[in-house]
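Overview (structure and organization)
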Amino acid sequence: MSEDRVRVRIADNGVATVTMVRADKHNALDQAMFEGLVSAAAQLAGDASVRAVVLHGEGKSFCSGLDVASFMSGERGTGVLLSRDGDQPANLAQRVSYDWSLVPAPVIAAIHGNCFGGGMQIALGADIRIAAPDARLSILEIKWGLVPDMGITQTLPRVLPIDVAKELTFTGRIVSGSEGSELGLVTRTAADPLSAAQELAGEIASKSPDAIRAAKRLYDETWVSNDAAAALELESVLQTGLIGTPNQIAAVVAGMSGEKPVFTDPA
């Protein structure tokens, strides 16, 4: 069933497109959708040919959040979402957001229509978010008397000041894509976010995949860290690992000659 909820397509240029396929429910999250997203992230994390990822929803919305009714009718209810497999740091609910950080290539969320609750947290798990100006965004869990618990502690502090995060969380207020861009909830807006995301992904895919992966790791591991020594050391370690490699040399040659570089996929 999970394969019916999430579709993965990888183009020749290394851009993978991940599509949530439940348009009739505004891509609301049932168990199959959770499992499909986790499976897609695992597939892409293990594919060295993937250089950038675009994540979006089919139909009128990105993702309208949890399909509560589907879990209430199940034998375990929402309890299945809180289960962890083995040594996984995140439970099933959290992995649809957190696991995008485990994909070495950058992930770009293209947001349109409703992006509520769990949908907002999935989008926050991406490295970059491009939203339609009239998209509707909300950290909606307070409406149901709950806290956001799908990895938001690992994502929201990187994009919002704590007072703005609290205001949005305490109220569940719906903001437009345009206001979300002003707040920092999304990276920028575009009239056609999917096309904009695909264009950006193509640009990223044209750069050295070694350097792109290293840059994502550098920021993910240091951005909110207070350990300056460890952060500075990681800069040096990653740079040392890049200097003199075939892809780094190809970038230098292309930069000096003006010719298009040809990069090889990471080992």
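Because the structure is a prediction, the values reported are computed rather than measured.

Here's the deal with the packing of aromatic side chains
Following the criterion strictly, the structure yields one aromatic pair and no others. On the basis of an interplanar angle of 65° and a centroid distance of 5.0 Å, the ring pair of Y219 and W223 is categorised as edge-to-face. Under the relative-accessibility criterion, Y219 is labelled partly exposed at 49%. By relative accessible area, W223 is classed as exposed at 52%.

Side note on empty space enclosed by the protein
All chains considered together, the criterion is met by one cavity of 30 Å³ or more. Considered as a void within the structure, the largest cavity measures approximately 40 Å³ in volume. Lining the largest cavity, in full, are V50, R51, I204, A205, K207, P209, I212 and R213. Secondary structure elements with two or more residues in the lining of the largest cavity: helix 8 (193-205) and helix 9 (209-222). The element contributing the most residues to the lining of the largest cavity is helix 9, with three residues. Residues of the lining of the largest cavity, tallied by class, amount to five nonpolar, no polar and three charged.

Focus on the pairing of strand 1 (residues 6-10)
Direction of pairing for strand 1 relative to strand 2 (residues 15-20): antiparallel, over a ladder of five bridges. Note that in strand 2 the partner of V8 across the bridge is V18. Connecting strand 1 to the next strand, strand 2, in antiparallel fashion are four residues, including G14 with a positive phi near 90°.

Observations concerning helix 10 (residues 228-242)
Here helix 10 contains 15 residues, and its C-alpha end-to-end distance of 22 Å stays within 8% of the 21 Å for a straight helix at 1.5 Å per residue. Within helix 10, burial applies to A231, L234, L238 and L242. The buried residues of helix 10 occupy one face: seen down the axis, they fall within an arc of 65°. In helix 10, the exposed positions angled more than 90 degrees off the buried face are occupied by A229, L232 and T240. For helix 10, the secondary structure elements touched by its buried residues are helix 9 and helix 11 (246-257). Once helix 10 finishes, G244 follows within two positions and takes phi at roughly 85°, a positive value.

Structural notes on the pairing of strand 2
Here strand 2 lies mainly inside the structure; six of its six residues are buried. Because side chains alternate across strand 2, one face comprises the buried residues V15, T17 and T19, and the other comprises A16, V18 and M20, equally buried. In this sheet, strand 3 (residues 52-57) lies alongside strand 2 in parallel orientation, the contact comprising six bridges. Within strand 3, the position partnered with A16 by the bridge is V53. Handedness of the β-α-β unit built from strand 2, helix 2 (residues 31-45) and strand 3 comes out right-handed.

Digging into a nonpolar patch on the surface
Together, L66, V68 and M72 make up an exposed nonpolar region whose accessible area comes to about 260 Å². Relative to the assigned elements, L66 resides in the loop between strand 3 and helix 3 (68-72).

What about the domain arrangement of the chain?
Looking at the assigned domains, one finds that the chain contains domain 1 (6-205) and domain 2 (208-257). Computed from C-alpha coordinates alone, the two centres of domain 1 and domain 2 are separated by 27 Å. Each partner contributes to the interface: domain 1 provides 15 residues, whereas domain 2 provides eight residues. Together, the buried faces of domain 1 and domain 2 total about 910 Å²; carbon and sulfur atoms form 50% of this surface. When the buried area of domain 1 at its contact with domain 2 is split by residue, R51, P104 and R158 rank highest and sum to 54% of it. The partner of K216 in a salt bridge is D127, with the nearest N and O atoms 3.0 Å apart. Where domain 1 packs against domain 2, one counts five residue pairs in polar contact (both at pLDDT 80 or more).

Focus: the pattern of salt bridges
Enumeration over the complete set of coordinates arrives at 10 salt bridges. Linking E58 and R7 is a salt bridge whose minimum nitrogen-to-oxygen distance equals 3.2 Å. Pair noted here: E58 is in the loop between strand 3 and helix 3 and R7 is in strand 1, with a separation of 51 residues, a long-range link. Judged by its relative accessible area of 30%, E58 is partly exposed. Accessibility expressed as a relative area gives 28% for R7, which makes it partly exposed. Look at the salt bridges and you will find they share partners, linking R5, R22, D30 and D67 into a network.

Cut-offs and rules
- Residues numbered from 1 in each chain as written.
- Predicted model: local features only at pLDDT ≥ 70, side-chain atom pairs only at ≥ 80, totals over all residues.
- Heavy atoms only, no water.
- Phe/Tyr/Trp six-rings, centres within 6.5 Å; stacked < 30°, edge-to-face > 60°.
- Buried < 20%, exposed > 50% of the residue type's maximum accessible area, 1.4 Å probe, protein only.
- 1 Å grid on protein atoms, 1.4 Å probe; cavity = no way out; pocket = protein on both sides within 12 Å on 5 of 7 lines; lining within 4 Å.
- Points joined across faces, edges and corners; volume = space filled by probe spheres on them.
- Helix = DSSP H or I, 4+ residues; strand = E, 2+ residues; numbered from the N terminus.
- Nonpolar A, V, L, I, M, F, W, Y, C, P; charged D, E, K, R; others polar.
- Pairing = 2+ DSSP bridges.
- Expected span 1.5 Å × (residues − 1).
- Arc of directions from axis to C-beta.
- Contact = heavy atoms within 4.5 Å.
- Right-handed = clockwise from strand over helix to strand, strands pointing away.
- Patch = residues over 30% accessible without salt bridge, like charges linked within 9 Å, V, L, I, M, F, W, Y side chains within 5 Å.
- Areas by Shrake-Rupley, 256 points an atom, 1.4 Å probe, with all protein chains shown as cover.
- Salt bridge = Lys/Arg side-chain N within 4 Å of Asp/Glu carboxyl O.
- Domains from an automatic or database assignment.
- Buried area = accessible area lost by both parts, 1.4 Å probe.
- Polar contact = N/O pair within 3.5 Å; in protein donor to acceptor, adjacent residues only side chain to side chain.

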